[in-house]
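Listed here are the chains, written in short residue letters.
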Amino acid sequence: MKNIFAFESIEEIQAYSADIEQLNKKLNAYQTILEKEFGLDDLPKAIVWASKENATTIFSNLPVPAFTNEVRICMSPSVQDWRAFHLTQLEGQRNERIEKYYNEITLDHVFCVLAHELTHHIQLFLDDFDDGRENSIWFEEGMCEYLSQKLILSAAQYEELVAIEGELIELFTEKYGQHSLDEFGKGSYEAESLAAVMIYYWRSSKAIKHIVEDCHGGDVHKVFALYHEWDKAGRKVPLTEYFGVTKL
(Lines give C-alpha, C1' and ligand atoms only; values in the text may rest on other atoms or scores of the structure.)
Protein backbone atom coordinates (compact mmCIF):
# COMPACT_ATOMS: atom_id res chain seq x y z
CA MET A 1 0.00 0.00 0.00
CA LYS A 2 1.20 3.48 -0.82
CA ASN A 3 1.35 6.15 1.87
CA ILE A 4 -0.22 9.47 0.87
CA PHE A 5 0.08 12.48 3.15
CA ALA A 6 -2.85 14.90 3.19
CA PHE A 7 -1.70 17.48 5.70
CA GLU A 8 -1.59 21.23 5.28
CA SER A 9 2.06 21.80 6.12
CA ILE A 10 5.43 20.13 6.12
CA GLU A 11 5.50 20.67 9.89
CA GLU A 12 2.41 18.49 10.33
CA ILE A 13 3.96 15.72 8.27
CA GLN A 14 7.14 15.91 10.32
CA ALA A 15 5.18 15.90 13.58
CA TYR A 16 3.45 12.63 12.69
CA SER A 17 6.16 10.89 10.68
CA ALA A 18 7.49 8.77 13.58
CA ASP A 19 4.00 7.62 14.60
CA ILE A 20 3.07 6.83 11.00
CA GLU A 21 6.24 4.77 10.65
CA GLN A 22 5.29 2.82 13.79
CA LEU A 23 1.72 2.34 12.60
CA ASN A 24 2.91 1.02 9.25
CA LYS A 25 5.29 -1.40 10.96
CA LYS A 26 2.49 -2.72 13.17
CA LEU A 27 0.15 -2.92 10.19
CA ASN A 28 2.57 -5.07 8.23
CA ALA A 29 2.60 -7.63 11.04
CA TYR A 30 -1.19 -7.54 11.38
CA GLN A 31 -1.60 -7.86 7.61
CA THR A 32 0.39 -11.11 7.73
CA ILE A 33 -2.04 -12.52 10.30
CA LEU A 34 -5.04 -11.56 8.19
CA GLU A 35 -3.48 -13.13 5.10
CA LYS A 36 -2.71 -16.41 6.86
CA GLU A 37 -5.82 -16.77 9.00
CA PHE A 38 -8.62 -14.78 7.36
CA GLY A 39 -8.10 -14.79 3.61
CA LEU A 40 -6.87 -11.26 3.07
CA ASP A 41 -5.68 -11.11 -0.53
CA ASP A 42 -6.98 -7.84 -1.93
CA LEU A 43 -5.41 -4.82 -0.26
CA PRO A 44 -6.46 -1.20 -0.65
CA LYS A 45 -4.07 0.72 -2.86
CA ALA A 46 -3.11 3.37 -0.32
CA ILE A 47 -3.41 4.78 3.16
CA VAL A 48 -4.24 8.47 3.14
CA TRP A 49 -2.92 10.03 6.34
CA ALA A 50 -4.86 13.16 7.26
CA SER A 51 -5.85 15.34 10.17
CA LYS A 52 -9.18 14.68 11.86
CA GLU A 53 -10.59 17.84 10.25
CA ASN A 54 -9.52 16.86 6.73
CA ALA A 55 -10.60 13.24 7.16
CA THR A 56 -14.11 14.23 8.22
CA THR A 57 -14.72 17.23 5.97
CA ILE A 58 -12.68 16.77 2.78
CA PHE A 59 -12.31 13.02 2.32
CA SER A 60 -15.72 12.16 3.76
CA ASN A 61 -18.61 13.63 5.71
CA LEU A 62 -18.52 10.87 8.31
CA PRO A 63 -17.85 11.90 11.92
CA VAL A 64 -15.16 9.23 12.40
CA PRO A 65 -11.61 10.18 11.28
CA ALA A 66 -10.95 6.72 9.85
CA PHE A 67 -12.71 4.85 7.06
CA THR A 68 -12.02 2.57 4.15
CA ASN A 69 -13.34 1.69 0.73
CA GLU A 70 -12.11 -0.68 -1.96
CA VAL A 71 -9.36 1.78 -3.00
CA ARG A 72 -7.98 3.42 0.14
CA ILE A 73 -7.94 3.75 3.90
CA CYS A 74 -8.14 7.28 5.28
CA MET A 75 -6.79 7.69 8.80
CA SER A 76 -5.76 10.29 11.33
CA PRO A 77 -2.52 9.15 13.01
CA SER A 78 -2.88 11.66 15.86
CA VAL A 79 -3.26 10.25 19.37
CA GLN A 80 -4.57 13.66 20.46
CA ASP A 81 -7.20 13.62 17.69
CA TRP A 82 -8.41 10.23 18.87
CA ARG A 83 -8.45 11.23 22.52
CA ALA A 84 -10.61 14.24 21.65
CA PHE A 85 -12.82 12.12 19.41
CA HIS A 86 -13.54 9.57 22.12
CA LEU A 87 -14.19 12.21 24.77
CA THR A 88 -16.71 13.89 22.46
CA GLN A 89 -18.75 10.69 22.67
CA LEU A 90 -19.69 11.58 26.23
CA GLU A 91 -21.77 14.56 25.05
CA GLY A 92 -20.59 16.63 28.00
CA GLN A 93 -21.46 14.03 30.62
CA ARG A 94 -18.91 13.60 33.37
CA ASN A 95 -17.60 10.11 33.96
CA GLU A 96 -14.23 10.03 35.67
CA ARG A 97 -13.36 6.48 34.68
CA ILE A 98 -14.19 6.90 30.99
CA GLU A 99 -12.53 10.31 30.78
CA LYS A 100 -9.36 8.99 32.41
CA TYR A 101 -9.27 6.02 30.07
CA TYR A 102 -9.58 8.04 26.87
CA ASN A 103 -7.22 10.77 28.06
CA GLU A 104 -4.55 8.08 28.42
CA ILE A 105 -4.99 6.04 25.23
CA THR A 106 -1.78 5.41 23.30
CA LEU A 107 -0.66 4.68 19.77
CA ASP A 108 -1.62 1.03 20.39
CA HIS A 109 -5.26 2.07 20.57
CA VAL A 110 -4.93 4.24 17.47
CA PHE A 111 -3.46 1.22 15.71
CA CYS A 112 -6.57 -0.82 16.61
CA VAL A 113 -8.58 1.66 14.55
CA LEU A 114 -6.22 1.32 11.58
CA ALA A 115 -6.29 -2.46 11.90
CA HIS A 116 -10.10 -2.35 12.02
CA GLU A 117 -10.12 -0.61 8.64
CA LEU A 118 -7.79 -3.17 7.07
CA THR A 119 -9.89 -6.02 8.48
CA HIS A 120 -12.81 -4.86 6.33
CA HIS A 121 -10.83 -6.14 3.34
CA ILE A 122 -10.74 -9.82 4.32
CA GLN A 123 -12.57 -12.10 1.93
CA LEU A 124 -14.72 -13.74 4.61
CA PHE A 125 -17.17 -10.83 4.67
CA LEU A 126 -20.08 -11.28 2.31
CA ASP A 127 -20.91 -7.74 1.22
CA ASP A 128 -18.69 -5.69 -1.07
CA PHE A 129 -17.98 -2.01 -0.57
CA ASP A 130 -20.28 -1.06 -3.45
CA ASP A 131 -23.22 -3.12 -2.18
CA GLY A 132 -24.66 -0.27 -0.12
CA ARG A 133 -23.52 -2.12 3.03
CA GLU A 134 -27.01 -2.11 4.54
CA ASN A 135 -27.57 -5.81 5.13
CA SER A 136 -26.47 -6.75 8.65
CA ILE A 137 -23.45 -4.49 8.67
CA TRP A 138 -23.33 -4.95 12.44
CA PHE A 139 -21.68 -8.33 11.95
CA GLU A 140 -18.86 -6.95 9.81
CA GLU A 141 -18.29 -3.85 11.95
CA GLY A 142 -18.44 -5.86 15.16
CA MET A 143 -16.06 -8.49 13.82
CA CYS A 144 -13.61 -5.82 12.63
CA GLU A 145 -13.70 -4.36 16.13
CA TYR A 146 -13.30 -7.76 17.77
CA LEU A 147 -10.45 -9.06 15.63
CA SER A 148 -8.43 -5.86 15.62
CA GLN A 149 -8.73 -5.39 19.39
CA LYS A 150 -8.41 -9.02 20.42
CA LEU A 151 -5.37 -9.70 18.23
CA ILE A 152 -3.54 -6.47 19.08
CA LEU A 153 -4.20 -5.55 22.69
CA SER A 154 -2.99 -7.49 25.70
CA ALA A 155 -5.66 -9.47 27.57
CA ALA A 156 -5.76 -6.80 30.28
CA GLN A 157 -5.99 -3.96 27.76
CA TYR A 158 -8.78 -5.71 25.89
CA GLU A 159 -10.86 -6.40 28.99
CA GLU A 160 -10.45 -2.79 30.10
CA LEU A 161 -11.70 -1.57 26.72
CA VAL A 162 -14.66 -3.96 26.90
CA ALA A 163 -15.52 -2.59 30.34
CA ILE A 164 -15.32 1.03 29.16
CA GLU A 165 -17.53 0.38 26.16
CA GLY A 166 -19.93 -1.50 28.41
CA GLU A 167 -20.25 1.64 30.55
CA LEU A 168 -20.85 3.73 27.43
CA ILE A 169 -23.60 1.36 26.34
CA GLU A 170 -25.25 1.74 29.74
CA LEU A 171 -24.96 5.53 29.55
CA PHE A 172 -26.60 5.84 26.15
CA THR A 173 -28.90 2.83 25.69
CA GLU A 174 -32.02 4.63 26.81
CA LYS A 175 -31.31 7.61 24.54
CA TYR A 176 -29.83 5.95 21.47
CA GLY A 177 -29.77 2.17 21.88
CA GLN A 178 -33.38 1.16 21.31
CA HIS A 179 -32.93 0.17 17.66
CA SER A 180 -32.12 -3.33 16.47
CA LEU A 181 -28.53 -3.93 15.42
CA ASP A 182 -29.95 -5.04 12.08
CA GLU A 183 -30.73 -1.38 11.43
CA PHE A 184 -27.03 -0.51 11.48
CA GLY A 185 -26.28 0.86 8.01
CA LYS A 186 -25.61 3.99 6.03
CA GLY A 187 -28.43 5.87 7.70
CA SER A 188 -26.80 5.29 11.09
CA TYR A 189 -23.99 7.69 10.19
CA GLU A 190 -26.41 10.52 9.53
CA ALA A 191 -27.24 10.92 13.23
CA GLU A 192 -26.34 14.33 14.60
CA SER A 193 -24.85 12.86 17.76
CA LEU A 194 -21.52 11.00 17.71
CA ALA A 195 -22.72 8.76 20.54
CA ALA A 196 -25.78 7.82 18.46
CA VAL A 197 -23.40 6.56 15.77
CA MET A 198 -20.87 4.91 18.06
CA ILE A 199 -23.37 2.97 20.16
CA TYR A 200 -23.91 0.74 17.13
CA TYR A 201 -20.18 -0.07 17.16
CA TRP A 202 -20.10 -0.73 20.91
CA ARG A 203 -23.15 -2.97 20.75
CA SER A 204 -21.93 -4.78 17.63
CA SER A 205 -18.57 -5.47 19.25
CA LYS A 206 -20.31 -6.75 22.38
CA ALA A 207 -22.53 -9.02 20.29
CA ILE A 208 -19.60 -10.51 18.38
CA LYS A 209 -17.64 -11.11 21.58
CA HIS A 210 -20.66 -12.94 23.00
CA ILE A 211 -21.15 -15.02 19.85
CA VAL A 212 -17.48 -15.98 19.54
CA GLU A 213 -16.52 -16.48 23.17
CA ASP A 214 -19.72 -17.42 24.99
CA CYS A 215 -21.49 -19.37 22.25
CA HIS A 216 -18.66 -20.92 20.21
CA GLY A 217 -15.72 -21.32 22.57
CA GLY A 218 -13.59 -18.64 20.95
CA ASP A 219 -13.75 -20.24 17.49
CA VAL A 220 -13.93 -17.25 15.15
CA HIS A 221 -13.82 -19.45 12.06
CA LYS A 222 -16.86 -21.39 13.25
CA VAL A 223 -18.74 -18.10 13.55
CA PHE A 224 -17.72 -17.11 10.02
CA ALA A 225 -18.87 -20.54 8.77
CA LEU A 226 -22.30 -20.03 10.37
CA TYR A 227 -22.49 -16.54 8.87
CA HIS A 228 -21.90 -18.02 5.41
CA GLU A 229 -24.48 -20.74 6.05
CA TRP A 230 -27.01 -18.02 6.91
CA ASP A 231 -26.27 -16.36 3.56
CA LYS A 232 -26.42 -19.60 1.54
CA ALA A 233 -29.78 -20.45 3.13
CA GLY A 234 -31.19 -17.20 1.74
CA ARG A 235 -30.94 -14.93 4.77
CA LYS A 236 -34.38 -16.12 5.86
CA VAL A 237 -34.21 -14.46 9.28
CA PRO A 238 -32.39 -11.33 10.49
CA LEU A 239 -28.79 -12.07 11.40
CA THR A 240 -29.35 -10.98 15.01
CA GLU A 241 -32.09 -13.60 15.31
CA TYR A 242 -29.94 -16.22 13.62
CA PHE A 243 -27.15 -15.67 16.15
CA GLY A 244 -29.49 -15.13 19.11
CA VAL A 245 -28.44 -11.57 19.90
CA THR A 246 -31.67 -9.68 19.34
CA LYS A 247 -31.54 -8.29 22.88
CA LEU A 248 -27.94 -7.01 22.74
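Residues numbered from 1 in each chain as written. Predicted model: local features only at pLDDT ≥ 70, side-chain atom pairs only at ≥ 80, totals over all residues. Heavy atoms only, no water.

J.: Tell me what's going on with the overall build of the protein, and back it up with residues and numbers.
T.: Assigned secondary structure in the protein consists of ten helices and four strands. The order of helices and strands in the protein, counted from the N terminus, is β-α-β-α-β-β-α-α-α-α-α-α-α-α. In terms of overall size, the protein behaves like a compact globule, its C-alpha atoms giving a radius of gyration of 18 Å where 248 residues would be expected to give roughly 18 Å. For the protein, the proportion of its 248 residues judged to be buried stands at 49%. Looking at the protein alone, contacts between residues at least 24 apart form 71% of all its contacts between residues at least 6 apart. (Helix = DSSP H or I, 4+ residues; strand = E, 2+ residues; numbered from the N terminus. Rg over C-alpha atoms; globule rule 2.2 N^0.38 Å. Buried < 20%, exposed > 50% of the residue type's maximum accessible area, 1.4 Å probe, protein only. Contact = heavy atoms within 4.5 Å.)

J.: Lay out the pairing of strand β1 (residues 2-6) with the relevant residues and their values.
T.: Taken together, the five bridges between β1 and strand β2 (residues 46-50) define a ladder with parallel strand orientation. Bridging across to β2, K2 finds its partner in A46. Between the parallel elements β1 and β2, the chain passes through helix α1 (residues 10-38) in a crossover that is left-handed. (Pairing = 2+ DSSP bridges. Right-handed = clockwise from strand over helix to strand, strands pointing away.)

J.: If you had to explain unusual backbone geometry to someone new, which residues and values would you point to?
T.: Unlike most non-glycine residues, E91 shows phi in positive territory, near 55 degrees. Considering the arrangement of structural elements, one finds E91 in the loop between α3 (79-88) and α4 (96-103). Owing to a relative accessible area of 31%, E91 belongs among the partly exposed residues under this scheme. Despite not being glycine, R235 shows a phi value in the positive range, around 50 degrees. Within the secondary structure, R235 sits in the loop between α9 (220-232) and α10 (239-243). A residue is classified by how much of its surface remains accessible, and R235, at 22% relative accessible area, is partly exposed.

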